Amino acid sequence: MAIQRLHALGLALGPVLFALSPIFWTDGHYGIAGGILIAVSMVPWVYGLIGEYERLRRPLPVVAGLWLLLLLVGMFGSIAFGLQGFFEGVFGVTHRAALNAFEDYPPISVVLLVAGPIFPLAIGVLGILYWFTDSAPRWASILLCIAAVAFPLARVVRLEWVAIVADVIMVVAFWYLAWIRWRRAGRMFDEIRVASHE
């Protein structure tokens, strides 16, 4: 039960840390604080999502396994972009100069460009999987799909308010899921405790 509650905490904490990152944008770029928040947020968030993988693995073992792979690649891309913003800030490099520097390393550029959008794609796929397995309320599935589209769009247009709205949608959906998972873990603990006294 303790691990399930830790998964629930990860689902709640990760999106909140991520949602704080646009507050620190400078001219539409992450900077030091925003970049670190993105990179750090992936650890609890993905830990919580691994708990969701365990839940989806029962009804959809192959699909859930492929989704987990997609999620891990997306985590790599998100951490990479967060650290890019961090190092741009630390070394005082403009975003344009950083992108131009990537031209000297084409294979790395392709990996980052491909991995970057995969995390929101994994969130969208999660919403679809929830819909078909009834593992979450339909409205939460819809919110995750909306957030999966709004999340990369906000980063492309570099508008802080769009990013904040997209992140708030994500936080609402994941906080509700975290609350459900937390309560379910508590009920399981109570049932085990009652059974052990019988």
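It should be emphasised that the depicted structure is a prediction, and the values quoted were computed from it without experimental measurement.

A. Highlighting the overall build of the protein chain. If you tally the helices and strands in the protein chain, you get eight helices and zero strands. Counted from the first residue to the last, the protein chain has its helices and strands arranged as α-α-α-α-α-α-α-α. For the protein chain, the residues scored as buried account for 43% of the 198 residues in total. Pairs at least 24 apart in sequence give 74% of the contacts found in the protein chain among residues at least 6 apart. Working note: accessible area of the protein chain is about 10500 Å², and carbon and sulfur atoms make up 74% of it.

B. Spotlight on the environment of Leu72. Mapped onto the secondary structure, Leu72 falls in helix H3 (residues 61-91). Separated by 46 residues in the primary sequence, Leu72 and Ile118 place their C-alpha atoms 9.0 Å from one another.

C. Looking closely at the layout of surface pockets. As a volume, the largest pocket reaches approximately 460 Å³. If you trace the largest pocket, you find 21 residues lining it, with Tyr30, Phe81, Gly116, Arg155 and Arg158 closest to the centre. Here the lining of the largest pocket is built from residues that sort into ten nonpolar, eight polar and three charged. Counted as a void, the second largest pocket has a volume near 220 Å³. Residue lining of the second largest pocket: 13 residues in total, with Gln4, Gly51, Glu54, Arg55 and Arg58 positioned closest to the centre. Elements with a contribution of two residues or more to the lining of the second largest pocket: helix H1 (2-20), helix H2 (31-57) and helix H8 (160-197). Its residues assigned to classes, the lining of the second largest pocket comprises four nonpolar, three polar and six charged.

D. Here's a closer look at the side chain of Glu52. Here Glu52 lies in helix H2. Here Glu52 falls in the buried class, since its relative accessible area comes to 2%. Non-local contacts of Glu52, meaning those with residues more than four positions away in its chain, are made with Leu11, Tyr130 and Arg181.

E. Layout of the packing of aromatic side chains. Per the counting criterion, the structure on display carries eight aromatic pairs. Considering the side-chain rings of Phe86 and Phe87, the 5.0 Å spacing of their centres and the 75 degrees angle between planes classify their relative orientation as edge-to-face. Ring centres of Phe119 and Phe151 lie 6.4 Å apart, and the angle between their planes is 75 degrees; this geometry places the pair in the edge-to-face category. Remark: Phe151 occurs in helix H7 (residues 138-157) and Phe119 occurs in helix H6 (residues 118-133); sequence separation between them is 32 residues. Accessibility classification places Phe119 together with Phe151 in one group, the buried group. Of the aromatic side chains, those joined through ring pairs into one cluster are Phe18, Trp45, Phe119, Phe151 and Phe174.

F. Focus on the packing of H1 against H2. Taken N-terminus to C-terminus, the directions of H1 and H2 make an angle of 145 degrees; their axes are 7 Å apart at the nearest point. The crossing of H1 and H2 is left-handed. Across the contact of H1 with H2, the residue classes break down as 17 nonpolar, six polar and one charged.

G. Molecular detail of H6. Counted at 1.5 Å a residue, the expected span for H6 with its 16 residues is 22 Å, and the 22 Å between its end C-alpha atoms agrees. Residues of H6 that are buried: Ile118, Phe119, Pro120, Ala122, Ile123, Gly124, Leu126, Gly127, Leu129 and Tyr130. Note on H6: the residue one or two positions beyond its end, Asp134, has a positive phi of about 55 degrees.

H. The side chain of Ser135, seen in detail. Along the polypeptide, Ser135 turns up in the loop between H6 and H7. For Ser135, the residues in contact, after removing those within four places along its chain, are Leu56, Tyr130 and Arg181.

I. Focus on unusual backbone geometry. For Asp134, which is not a glycine, the phi torsion comes out positive at approximately 55 degrees. If you trace the backbone, Asp134 turns up in the loop between H6 and H7. Given a relative accessible area of 56%, Asp134 falls into the exposed group.

Parameters and conventions
- Residues numbered from 1 in each chain as written.
- Predicted model: local features only at pLDDT ≥ 70, side-chain atom pairs only at ≥ 80, totals over all residues.
- Heavy atoms only, no water.
- Helix = DSSP H or I, 4+ residues; strand = E, 2+ residues; numbered from the N terminus.
- Buried < 20%, exposed > 50% of the residue type's maximum accessible area, 1.4 Å probe, protein only.
- Contact = heavy atoms within 4.5 Å.
- Areas by Shrake-Rupley, 256 points an atom, 1.4 Å probe, with all protein chains shown as cover.
- 1 Å grid on protein atoms, 1.4 Å probe; cavity = no way out; pocket = protein on both sides within 12 Å on 5 of 7 lines; lining within 4 Å.
- Points joined across faces, edges and corners; volume = space filled by probe spheres on them.
- Nonpolar A, V, L, I, M, F, W, Y, C, P; charged D, E, K, R; others polar.
- Phe/Tyr/Trp six-rings, centres within 6.5 Å; stacked < 30°, edge-to-face > 60°.
- Axes fitted to C-alpha atoms, helices over the stretch in contact; angles between N-to-C directions.
- Left-handed = near helix turned anticlockwise from the far one by under 90°.
- Expected span 1.5 Å × (residues − 1).

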